[in-house]
Amino acid sequence: MLRVKNISISFTRYTKKRKRQTLSPVSDISLDVQAGEVVALIGASGAGKSLLAHALLGLLPKNATMTGEYRFKGEHIGPKRIKELRGRDIALIPQSISYLNPLIKVRKQVYRSARLSGRCHCTAGERCDKAFARYNLADSVKSMYPFQVSGGMARRVLTATATAGKADLIIADEPTTGLDPKVATQSLKHLRELAEQGKGVLLITHDLENAVRFSDTIVVLYNGTTVEVTQAAALHEGKSILHPYTRALWQALPKNGFTALPPAPPSIGDSRNACNFAPRCHIATEACKKSIPTLRSINGTMVRCFHARS
Ligand SMILES: Nc1ncnc2c1ncn2[C@@H]1O[C@H](COP(=O)(O)OP(=O)(O)O)[C@@H](O)[C@H]1O
Ligand SMILES: [Mg+2]
């Protein structure tokens, strides 16, 4: 359903001395989301997850440049086409609750997005009310403005906005932040159900445990680059983890000893031609500091590491 190929995002900015500077927070991300599948995009804060989501929806700021390409249902998507698909065929649950319109009551916002995605007046209203019930939003919330609801409620309204419509692909950017564990699980279960009904779900999260529990495929990002693409089942037991960063994420889980990854040392010299995980990697060699590993396949898992072995 969604095929992302070698997407990189860079920003141009000017320093105080008016020198032009290019930042490249996302480089060479590739991933696929099939109909009926939940793909979890996992990475630490600042890894480039939201930027990728915004790039796919044509929402990058003007000073951003994107290279690479992506296809939705086989069709190459450009800046014009994404405006037609956004909200109708591809829905976003944004990370920030500030995406709600402060001047419109919350039910109306959910209703409008259901209408935008092609539902008729009656079905949109019905879906809207079902979504409110599903996310435990009381009837009294419906007529509130966003500033009158709590952060957790606002997040559930955003999820309702994206799921009440007909969109076939849902990009959920940290949809459970600020929700209590029970509601968070309910929300993730619903995304899973949507996938079972044939939709594609790209679940963006930094929570490996839930990613393993609710997704089929896991894409691990480190510093803006895909380092491993693997089956969730492989991560479940901690078996067949091929990249040292994925292993470190797994070992940092409470059930696996809570072992924290050492912090990144300050970067010295030019790291553009090196594996970006090398400064924190316990198996890095000179080769890792001299060139960037490519993403290669080992027994069906894609991994970006010179030292990965089956
Ligand atoms: N408009 C921007 N201009 C420059 N850098 C940006 C901009 N937006 C995001 N970034 C940088 O891109 C990196 C990735 O950001 P983001 O995608 O929001 O991370 P996350 O994985 O936490 O969602 C961060 O280092 C952030 O500072
Ligand atoms: Mg983010």
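Described below are features of the structure shown in this document. Please read these numbers as outputs of a predicted model, since none were measured by experiment. (Residues numbered from 1 in each chain as written. Chains lettered and ligands numbered in written order. Predicted model: local features only at pLDDT ≥ 70, side-chain atom pairs only at ≥ 80, totals over all residues. Heavy atoms only, no water.)

1. Notes on the site of ligand 1
Line of reasoning, step 1. All residues in the neighbourhood of ligand 1 are listed as Phe 11, Pro 25, Ala 44, Ser 45, Gly 46, Ala 47, Gly 48, Lys 49, Ser 50, Leu 51 and Pro 61.
Line of reasoning, step 2. If you tally residues by element for the shell around ligand 1, the top one is helix H1 (residues 49–56), at 3 residues.
Line of reasoning, step 3. Per-class residue counts for the shell around ligand 1 are 6 nonpolar, 4 polar and 1 charged. (Near = heavy atom within 4 Å. Helix = DSSP H or I, 4+ residues; strand = E, 2+ residues; numbered from the N terminus. Nonpolar A, V, L, I, M, F, W, Y, C, P; charged D, E, K, R; others polar.)

2. A look at unusual backbone geometry
Most of the time, phi is negative for any residue but glycine, and the peptide bond is trans.
Line of reasoning, step 1. Positive phi, close to 60 degrees, is recorded for Asp 28, a residue that is not glycine.
Line of reasoning, step 2. Look at Lys 73: it is not a glycine, yet its phi comes out positive at around 50 degrees.
Line of reasoning, step 3. When you line up the elements, Lys 73 lands in the loop between strand S4 (64–72) and strand S5 (75–76).

3. What about the coordination of the magnesium ion (ligand 2)?
Line of reasoning, step 1. Around the magnesium ion (ligand 2), the protein contributes the donor atoms Ser 50 (OG) and Gln 95 (OE1), which lie 2.0 to 2.1 Å from the metal centre. Within this pair, whereas Ser 50 is found in helix H1, its partner Gln 95 is found in the loop between strand S6 (90–93) and helix H3 (106–116), the two being separated by 45 residues in sequence.
Line of reasoning, step 2. The class of Gln 95 is partly exposed, set by a relative accessible area of 35%. (Donors = N, O, S within 2.8 Å, 3.2 Å for Na, K, Ca; no water. Buried < 20%, exposed > 50% of the residue type's maximum accessible area, 1.4 Å probe, protein only.)

4. Focus on the environment of Asn 273
Line of reasoning, step 1. Take Asn 273: it is sitting in the loop between helix H10 (244–251) and helix H11 (286–290).
Line of reasoning, step 2. Between the C-alpha atom of Asn 273 and that of Ser 291, which follows or precedes it by 18 residues, the distance is 4.8 Å.
Line of reasoning, step 3. Discounting residues that sit within four places of it in the chain, Asn 273 has contacts with Lys 289, Lys 290, Ser 291 and Ile 292. (Contact = heavy atoms within 4.5 Å.)

5. Points about the pattern of salt bridges
Line of reasoning, step 1. Summed over all chains, the structure comprises 15 salt bridges.
Line of reasoning, step 2. A salt bridge links Arg 3 to Asp 32; the shortest N-O distance between them is 2.8 Å. Of the two residues, Arg 3 sits in strand S1 (residues 2–14) while Asp 32 sits in strand S2 (residues 20–33), which places them 29 residues apart along the sequence.
Line of reasoning, step 3. Looking at Arg 3, the relative accessible area reads 46%, which means it is partly exposed.
Line of reasoning, step 4. Here Arg 107 and Asp 129 are joined by a salt bridge, their closest N and O atoms 3.0 Å apart. Of this pair, Arg 107 sits in helix H3 while Asp 129 sits in helix H4 (residues 121–134), placing them 22 residues apart in sequence.
Line of reasoning, step 5. Given a relative accessible area of 25%, Arg 107 falls into the partly exposed group.
Line of reasoning, step 6. In the salt-bridge network here, residues are joined through shared partners; they are Arg 107, Asp 129, Asp 139 and Lys 142. (Salt bridge = Lys/Arg side-chain N within 4 Å of Asp/Glu carboxyl O.)

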